[in-house]
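Examining the three-dimensional arrangement
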Amino acid sequence: MKRDLDLIREILLHIESGQEYDGTREFYYTTPEEMGLTGCTPEEFVYHCTLLIEDGYIEGAATVLNIVVRRLTSRGHD
């Protein structure tokens with residue numbers, strides 16, 4: 001799968017704009033629509049969230065069933 005920088009930016013901007021992503025709770029997503037994103041498949045969504053978690057932009061976890069998001073890291077804000 002090709003990395004989609006527009007999708008990565010959209011995910012980061014969504015998390016950054018949400019006051020609920022303060023690290024005190026976990027949010028579980030199985031589809032991009034649950035996060036308010038459109039125009040990508042669930043597979044693309046999971047793949048790109050996994051990249052963001054692996055690279056330290058998002059504090060969370062990726063599983064086969066869902067994505068867990070806690071907050072953006074300092075690197076994610078940059």
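Below is a summary of the structure that appears in this document. (Residues numbered from 1 in each chain as written. Predicted model: local features only at pLDDT ≥ 70, side-chain atom pairs only at ≥ 80, totals over all residues. Heavy atoms only, no water.)

This paragraph deals with the overall build of the protein chain. Looking only at helices and strands, the protein chain features 3 helices and 3 strands. From first element to last, N terminus to C terminus, the protein chain shows the α and β order α-β-α-β-β-α. Relative to the compact-globule value of 12 Å for 78 residues, the protein chain shows a C-alpha radius of gyration of 11 Å, a close match. Projecting the C-alpha coordinates of the protein chain onto the three principal axes gives extents of approximately 30 × 25 × 20 Å. (Helix = DSSP H or I, 4+ residues; strand = E, 2+ residues; numbered from the N terminus. Rg over C-alpha atoms; globule rule 2.2 N^0.38 Å.)

Note that strand β2 (residues 58-62) and strand β3 (residues 67-72) share 5 bridges and pair antiparallel. The residue bridging I58 from the neighbouring strand is L72, located in β3. (Pairing = 2+ DSSP bridges.)

What follows is about the sheet that holds β2. Spatially, the 3 strands line up as an open sheet ordered β1-β3-β2, and their pairing is antiparallel. With partners counted over all chains shown, the strands left at the sheet margins are β1 (27-29) and β2, one partner each. Adjacent strand axes in the sheet meet at a mean angle of 25° when their direction is disregarded. (Axes fitted to C-alpha atoms, helices over the stretch in contact; angles between N-to-C directions.)

Right, let's talk about the side chain of N66 for a bit. Tracing the backbone shows N66 in the loop between β2 and β3. Setting aside chain neighbours within four positions, we find N66 in contact with Y28, Y29, T30 and A61. (Contact = heavy atoms within 4.5 Å.)

The next subject is the pattern of salt bridges. Should the charged atoms of two oppositely charged side chains come close, the side chains can pair. Considering all chains together, one arrives at 2 salt bridges under this definition. Of the charged contacts, one joins E26 and R70 as a salt bridge, the two residues approaching to 2.8 Å between their closest N and O atoms. Remark: R70 occurs in strand β3 and E26 occurs in the loop between α1 (5-17) and β1; sequence separation between them is 44 residues. Here R70 falls in the partly exposed class, since its relative accessible area comes to 22%. Notably, a salt bridge pairs R71 with E59, separated by 3.1 Å at the nearest N-O pair. Of the two residues, R71 is situated in strand β3 and E59 in strand β2; the sequence distance between them amounts to 12 residues. Using a relative accessible area of 29% as the deciding quantity, one classes R71 as partly exposed. (Salt bridge = Lys/Arg side-chain N within 4 Å of Asp/Glu carboxyl O. Buried < 20%, exposed > 50% of the residue type's maximum accessible area, 1.4 Å probe, protein only.)

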